[in-house]
Amino acid sequence: MSTLVTNIGELVTCDGTGEGGAGARSDMALVVVGNRIAWVGEASVAPAADSVIDVEGRCVTPGFVDSHAHLVFAGDRSAEFAARMAGQAYDGGGIGVSVEATRAADDDWLRTALAARIAEMRAQGTSTVEVKSGYGLTVADEVRALRLAAEVTDEVTYLGAHVVPPEMREDRAAYVDLVTGEMLSACAPHARWIDVFCEPASPHAFTDEESRAVLLAGRAAGLGLRVHGNQLGHGPGVQLACELGAASVDHCTYLSADDVDALVGAAETTTATLLPGVEFSTRSPYPDARALLDAGVSVALASDCNPGTCYSSSIPFVIALAVREMGMTPSEAVVAATRGGARALHRDDIGRIEVGARADLTVLEAPNHLHLSYRAGVPIARVLEV
């Protein structure tokens, strides 16, 4: 079965050409066969197909690739947000509130909430999302979170090393042993990735030595590596991620010149995933995306949708923040939220519109991609069902 998507006002291919690598072209069409793109070209010479979708001059982009999200959780932390807006600093301690609520929720409740969050993302243009565990922090609860995540995505991440749970704070070493031992053995079959909150600035997260142990154990178990790093202050997360060849180091809020150099040197393997929704929600300084791009760092944008530090599932909101606050051009921000996210997941079949790629498409209620930041907060993006 073939489908012609035609009368595309602007097609943003993210093929690496043009301004910001967006590869934007006018008056285009494409043909989808099965779930793959089979042809791309000018609408006037488009081949016939079994069915036709006329987008009436709208803009089409690759589906957004959200490479960092925490979607399996219960509980409400809106009061914590209000406290931060009044000046309270974030140190990771609120995660324990979500852990308690998530442990108490049953599978059906968590599954329904997860499905609603995925639907919310698709309604805003996200076609691929990575989903982490990390709000269970027991063997059974982490396995449950991963099993539920695997029902909605192939990009599942084991984050037993999110924080040290309250019941084990007097014996951190025992918890690290659990994360790298029994919990890892139970969780690895349900995950593609392992992650760690490497943040010595937080008493709740993990040190350089602890993080290294977690990542090496995960790699030995066959999992790819991801790192939460340099969010709350300068620290070892970026250097550790680059040294071990992690696919992504996420946050990168506080970077030294040596950190930037490490990211440049590791650009073929390690992507700096920026999460400006977190800075918005915590009143933290925004990363300098302009400097990273100019230096040659591989950069992605993601939502970090979670109940504590960024309860937003909107990649268009993230794009607008990146343009307004981090020095990215609108084209660069769209590429970072699509092809950049794909790089952060080591995927070459998504995040671009080219022959052979998956037919994951987003359509905008707008003539071009500039409207994603120009009309901030307006729901103009949705996944195009082909």
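Quantities reported herein were computed from a predicted structural model and do not represent experimental measurements. Numbering of residues begins from 1 in every chain and follows the order in which that chain's sequence is written. Where local features are concerned, this predicted model is filtered to residues with pLDDT of at least 70; where side-chain atom pairs are given and counted, the filter is 80 or more; whole-chain, interface and lining totals use all residues. Only hydrogens and water are removed before side-chain values are computed, so all heavy atoms of the structure are retained for them.

### Let's talk about the overall build of the chain
Moving on, step 1. Each helix is a run of H or I in the DSSP string that is no shorter than four residues. Each strand is a run of E no shorter than two, and both are numbered from the N terminus. Looking only at helices and strands, one finds 15 helices and 16 strands in the chain.
Moving on, step 2. Atoms counted for the radius of gyration: C-alpha only. Globule rule: 2.2 Å times residue count to the power 0.38. Its C-alpha radius of gyration of 20 Å places the chain within 12% of the 21 Å reference for a compact globule of 386 residues.
Moving on, step 3. The principal-axis extent of the C-alpha atoms belonging to the chain is close to 70 × 45 × 40 Å.
Moving on, step 4. For every residue, the accessible area (1.4 Å probe, protein chains only) is compared with the maximum for its type, and the residue is labelled buried under 20%, exposed over 50%, or partly exposed between those bounds. In the chain, which comprises 386 residues, the proportion classed as buried is 58%.
Moving on, step 5. Should any heavy atoms of two residues lie within 4.5 Å, those residues are counted as being in contact. A fraction of 71% describes how many contacts in the chain between residues 6 or more apart in sequence connect residues 24 or more apart.
Moving on, step 6. For the chain, the accessible area works out to roughly 14100 Å², and carbon and sulfur atoms hold 52% of it. Computed by Shrake-Rupley with a 1.4 Å probe, the accessible areas treat only the displayed protein chains as cover when residues are assessed.

### Section: the sheet that holds strand S9 (residues 156-161)
Moving on, step 1. DSSP-based pairing: two strands are paired if at least 2 bridges between them are found. Overall, parallel pairing links the seven strands, which are arranged S8-S9-S10-S11-S12-S13-S14 in an open sheet. Every interior strand has two partners, whereas the edge strands, strand S8 (131-132) and strand S14 (299-301), have only one.

### Concerning the pattern of salt bridges
Moving on, step 1. Counted as salt bridges are all cases of a side-chain nitrogen of Lys or Arg within 4 Å of a carboxyl oxygen of Asp or Glu. Tallied over the entire structure, the rule returns 26 salt bridges.
Moving on, step 2. Between Arg-58 and Glu-56 there is a salt bridge, with its nearest N and O atoms 3.3 Å apart.
Moving on, step 3. The class of Arg-58 is partly exposed, set by a relative accessible area of 22%.
Moving on, step 4. Put simply, Glu-80 and Arg-77 hold a salt bridge, and the shortest N to O gap is 2.8 Å.

### A few points about unusual backbone geometry
Moving on, step 1. Positive phi is not limited to glycine here, since Leu-137 has a value of about 60°.
Moving on, step 2. For Leu-137, the position within the fold is in the loop between S8 and helix H4 (139-149).
Moving on, step 3. Look at Arg-283: it is not a glycine, yet its phi comes out positive at around 60°.
Moving on, step 4. Checked against the element boundaries, Arg-283 lands in the loop between helix H10 (276-282) and helix H11 (289-295).

### Quick word on the environment of Ala-342
Moving on, step 1. On the secondary structure map, Ala-342 appears in helix H14 (residues 339-344).
Moving on, step 2. Accessibility expressed as a relative area gives 1% for Ala-342, which makes it buried.
Moving on, step 3. The sequence separation of Ala-342 and Gly-75 amounts to 267 residues, and the corresponding C-alpha distance is 30 Å.
Moving on, step 4. Among residues more than four places away in sequence, those in contact with Ala-342 are Val-65, Arg-347, Ile-350 and Gly-351.

### Examining the packing of helix H3 (residues 107-122) against H4
Moving on, step 1. Look at H3 against H4: their axes get within 10 Å of each other, and the N-to-C directions meet at 40°. Considering the angle they form, H3 stands oblique to H4. As for the relative orientation of H3 and H4, their crossing is right-handed in sense. Taking contact as the criterion, the partners of Asp-107, Leu-110, Arg-111 and Leu-114 in H3 are, on H4, Arg-144, Arg-147, Leu-148 and Ala-149.
Moving on, step 2. Polar here means any residue other than Ala, Val, Leu, Ile, Met, Phe, Trp, Tyr, Cys and Pro, which are nonpolar, and Asp, Glu, Lys and Arg, which are charged; Gly is therefore polar. Tallied by class, the residues present in the contact of H3 with H4 amount to four nonpolar, no polar and four charged. Lines fitted to the C-alpha atoms define the axes, with helices restricted to the stretch that makes contact. Angles between their N-to-C directions range from 0 to 180 degrees. When describing relative orientation, an angle under 35 degrees is termed roughly parallel and one over 145 degrees roughly antiparallel, while 65 to 115 degrees is termed roughly perpendicular and anything else oblique. The hand of a helix crossing depends on one turn: near helix anticlockwise from the far one by less than a right angle means left-handed, and clockwise means right-handed.

### Let's talk about the packing of helix H5 (residues 172-180) against helix H7 (residues 208-220)
Moving on, step 1. Viewed as axis vectors pointing N to C, H5 and H7 meet at an angle of 15°, and their least axial separation amounts to 9 Å. The pairing of H5 with H7 is recorded here as roughly parallel in orientation. The crossing of H5 and H7 is right-handed. When H5 is examined against H7, the residues Arg-172, Val-176, Val-179 and Thr-180 are found in contact with a partner set consisting of Glu-210, Ala-213, Val-214 and Ala-217.
Moving on, step 2. Split into classes, the residues belonging to the contact of H5 with H7 amount to five nonpolar, one polar and two charged.

### Here's the deal with the side chain of Ser-248
Moving on, step 1. Counting through the fold element by element, Ser-248 comes out in strand S12 (residues 248-251).
Moving on, step 2. A 3.5 Å cut-off defines polar contacts: any pair of N or O atoms within that distance qualifies, except that in protein one atom must be a possible hydrogen donor and the other a possible acceptor, and neighbouring residues in sequence count only when both atoms are side-chain atoms. A distance of 3.4 Å separates the side chain of Ser-248 from the backbone oxygen of Thr-271, its partner in a polar contact.
Moving on, step 3. A polar contact is formed between the side chain of Ser-248 and the side chain of Thr-273, at a distance of 2.7 Å.
Moving on, step 4. When residues no more than four places from it in sequence are discounted, the contact partners of Ser-248 are Leu-225, Arg-226, Val-227, Thr-270, Thr-271, Thr-273 and Ala-344.

### Focus: the packing of aromatic side chains
Moving on, step 1. Any Phe, Tyr or Trp ring, taking Trp's six-membered ring, that has another such ring centre within 6.5 Å forms a pair; planes under 30 degrees apart are called stacked, those over 60 apart edge-to-face, and the others tilted. All told, the structure shown has four aromatic pairs when counted by the stated rule.
Moving on, step 2. Seen from their ring centres, Phe-73 and Tyr-135 are 6.2 Å apart, and the 70° between their planes marks the pair as edge-to-face. Here Phe-73 is found in the loop between strand S6 (64-66) and helix H1 (78-85), whereas its partner Tyr-135 is found in the loop between S8 and H4, with 62 residues between them in sequence. Both residues of the pair, Phe-73 and Tyr-135, count as buried.

### Thoughts on the environment of Glu-130
Moving on, step 1. Positionally, Glu-130 belongs in the loop between strand S7 (126-129) and S8.
Moving on, step 2. Judged by its relative accessible area of 0%, Glu-130 is buried.
Moving on, step 3. Through-space distance from the C-alpha of Glu-130 to that of His-68 is 5.6 Å; in sequence the pair is 62 residues apart.
Moving on, step 4. Aside from chain neighbours lying at most four places away, what touches Glu-130 is Asp-66, Ser-67, His-68, Ala-69, Glu-155, Thr-157, Arg-226 and Leu-345.
Moving on, step 5. One polar contact links Glu-130 to Lys-132, side chain to side chain, over a distance of 2.7 Å.

### Some thoughts on the confidence of the model for the chain
Moving on, step 1. Scored between 0 and 100, pLDDT is the confidence that the predictor attaches to each residue. For the chain, per-residue confidence averages 97 on the pLDDT scale, and residues scoring 70 or more make up 100% of the total.
Moving on, step 2. Of all secondary-structure elements in the chain, the lowest mean pLDDT belongs to H1, at 93, while S6 reaches the highest, 99.

### Section: the side chain of Thr-3
Moving on, step 1. Its location among the elements puts Thr-3 in strand S1 (residues 2-12).
Moving on, step 2. Polar side-chain contacts of Thr-3 include one of 3.0 Å to the side chain of Ser-51.
Moving on, step 3. Each residue touching Thr-3, except ones within four places of it in the same chain, is listed here: Leu-30, Val-31, Val-32, Ala-49, Ser-51, Ile-53 and Val-386.

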